[in-house]
Amino acid sequence: VFELRKLLPATQEYDFNVHVMDFQPGQYLNVKEMHYNQHGMMILQGHGIQRLGDRWYPVQAGDAIWMAPMVPQWYAALGSSRTRYILYKDTARDPLFF
């Protein structure tokens, strides 16, 4: 569905991860996701549509998005060129610890 590159090891020493995700035109997340961890992303190339909760946002290169915990999210690439974004997410954090 899309290409994913993890930039950090998935070990307990890191409480977050950074991914680079590439979507070809028309590709999309195949499920609506919802996580206990927060996410942040920045669109590096291309454009698409980002769903957060019940709202839909057109996004393009240069846009930054914060996704709160437990908010449904979904993404689709639009246009005629690849979309690339970099994604930050908490990984090894206890969701009940603030």
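Only a predicted model underlies this, so the values are computations on that prediction, with no experimental measurement involved.

## Observations concerning a nonpolar patch on the surface
Together, L7, M42, L44 and I86 make up an exposed nonpolar region whose accessible area comes to about 330 Å². The topology assignment puts I86 in strand 8 (residues 83-90). For I86, a relative accessible area of 31% gives the class partly exposed.

## Some words on the side chain of H19
Within the element layout of this structure, H19 appears in strand 2 (residues 16-23). Not counting the four nearest positions on each side in its chain, H19 is found in contact with L4, R5, K6, Y85, I86, L87 and K89.

## Quick word on the packing of aromatic side chains
Within this structure, the stated rule accounts for 5 aromatic pairs. Ring geometry for F23 against Y85: centres 5.6 Å apart, planes inclined by 25°, an arrangement best described as stacked. Of this pair, F23 sits in strand 2 while Y85 sits in strand 8, and the two are 62 residues apart along the sequence. Using a relative accessible area of 0% as the deciding quantity, one classes F23 as buried. The exposure class of Y85 is buried, given its relative accessible area of 4%. Consider the rings of Y28 and W74, whose centres lie 6.1 Å apart with planes at 40°: the pair is tilted. Of this pair, Y28 sits in the loop between strand 2 and strand 3 (39-45) while W74 sits in strand 7 (residues 73-78), placing them 46 residues apart in sequence. Taking the relative accessible area as the measure of exposure, Y28 reaches 43% and is therefore partly exposed. Chaining the aromatic ring pairs together yields one cluster made of F23, Y75 and Y85.

Reading the values: the criteria
- Residues numbered from 1 in each chain as written.
- Predicted model: local features only at pLDDT ≥ 70, side-chain atom pairs only at ≥ 80, totals over all residues.
- Heavy atoms only, no water.
- Patch = residues over 30% accessible without salt bridge, like charges linked within 9 Å, V, L, I, M, F, W, Y side chains within 5 Å.
- Areas by Shrake-Rupley, 256 points an atom, 1.4 Å probe, with all protein chains shown as cover.
- Salt bridge = Lys/Arg side-chain N within 4 Å of Asp/Glu carboxyl O.
- Helix = DSSP H or I, 4+ residues; strand = E, 2+ residues; numbered from the N terminus.
- Buried < 20%, exposed > 50% of the residue type's maximum accessible area, 1.4 Å probe, protein only.
- Contact = heavy atoms within 4.5 Å.
- Phe/Tyr/Trp six-rings, centres within 6.5 Å; stacked < 30°, edge-to-face > 60°.

So far we have only geometry, and geometry alone does not tell us how the molecule works.
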